[in-house]
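Survey of secondary and tertiary structure
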Amino acid sequence: MRGQSFPKAYRIRRRDDFKRVYAQGKRVVGRYFVLHALPNTLGHPRVGVTVTKKSGKAVVRNRWKRLVREAFRENKALFPPADLVVTVKREVAVPAHGDLEEDLLKLVKRL
């Protein structure tokens, strides 16, 4: 089970960090997400997920967050050492885990 954790060091949690990535980072748009990325000096990627209320009620928003974090956790070796903010597009139905993961990895390759 080594390598299957998702420690706090891999999460973006502070509002200032989100704002910095939005202001200075590169932006790529996919089918389900908008990905903002800004290189960091930590040597590993960090991820933050934002879902607007227009995406649905709390249950739906939390499901999006869980699925994105799980896709990141399973593939974190494929991500560059950067701060990544994944913004879920509005009013998009929650896709199958495979489709979501595929879209996220395509966005990372386009960075």
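An account of the accompanying structure is given in this report. (Residues numbered from 1 in each chain as written. Predicted model: local features only at pLDDT ≥ 70, side-chain atom pairs only at ≥ 80, totals over all residues. Heavy atoms only, no water.)

Things to note about the pattern of salt bridges
With the rule as written, the count across this model stands at 8 salt bridges. Across the pair Arg 46 and Asp 17 runs a salt bridge, and its minimum N-O distance is 3.5 Å. Placement of the pair is Arg 46 in strand β3 (residues 46-50) and Asp 17 in helix α1 (residues 15-24), with a sequence separation of 29 residues. For the salt bridge of Glu 70 with Arg 73, the shortest nitrogen-to-oxygen distance reads 2.6 Å. Linking Glu 70 with Arg 73, this pair stays in helix α2 (residues 58-74), spanning 3 residues, or about one helical turn. Among the charged side chains, a network of salt bridges with common partners joins Arg 14, Asp 16, Asp 17, Arg 20, Arg 46 and Asp 83. (Salt bridge = Lys/Arg side-chain N within 4 Å of Asp/Glu carboxyl O. Helix = DSSP H or I, 4+ residues; strand = E, 2+ residues; numbered from the N terminus.)

Details of the packing of aromatic side chains
How two aromatic rings sit relative to each other is set out by the distance from centre to centre and by the angle between their planes. A complete count under the given rule lists 5 aromatic pairs for this structure. With centroids separated by 6.3 Å and ring planes inclined at 70 degrees, the aromatic side chains of Tyr 32 and Phe 33 adopt a geometry described as edge-to-face. No difference in accessibility class separates Tyr 32 from Phe 33, as the two residues are buried. Relative to Trp 64, the ring of Tyr 32 lies with its centre 6.5 Å away and its plane at 50 degrees, an arrangement referred to as tilted. Residue Tyr 32 is found in the loop between β1 (26-29) and β2 (33-39), and its partner Trp 64 is found in helix α2; the two are separated by 32 residues along the sequence. No difference in accessibility class separates Tyr 32 from Trp 64, as the two residues are buried. The cationic tip of Lys 76 hangs over the ring face of Tyr 10; the distance from NZ or CZ to the ring centre is 4.7 Å. (Phe/Tyr/Trp six-rings, centres within 6.5 Å; stacked < 30°, edge-to-face > 60°. Buried < 20%, exposed > 50% of the residue type's maximum accessible area, 1.4 Å probe, protein only. Lys NZ or Arg CZ within 6 Å of the ring centre and 35° of its normal.)

Honestly, that's just the spatial picture; any functional story needs more than this.
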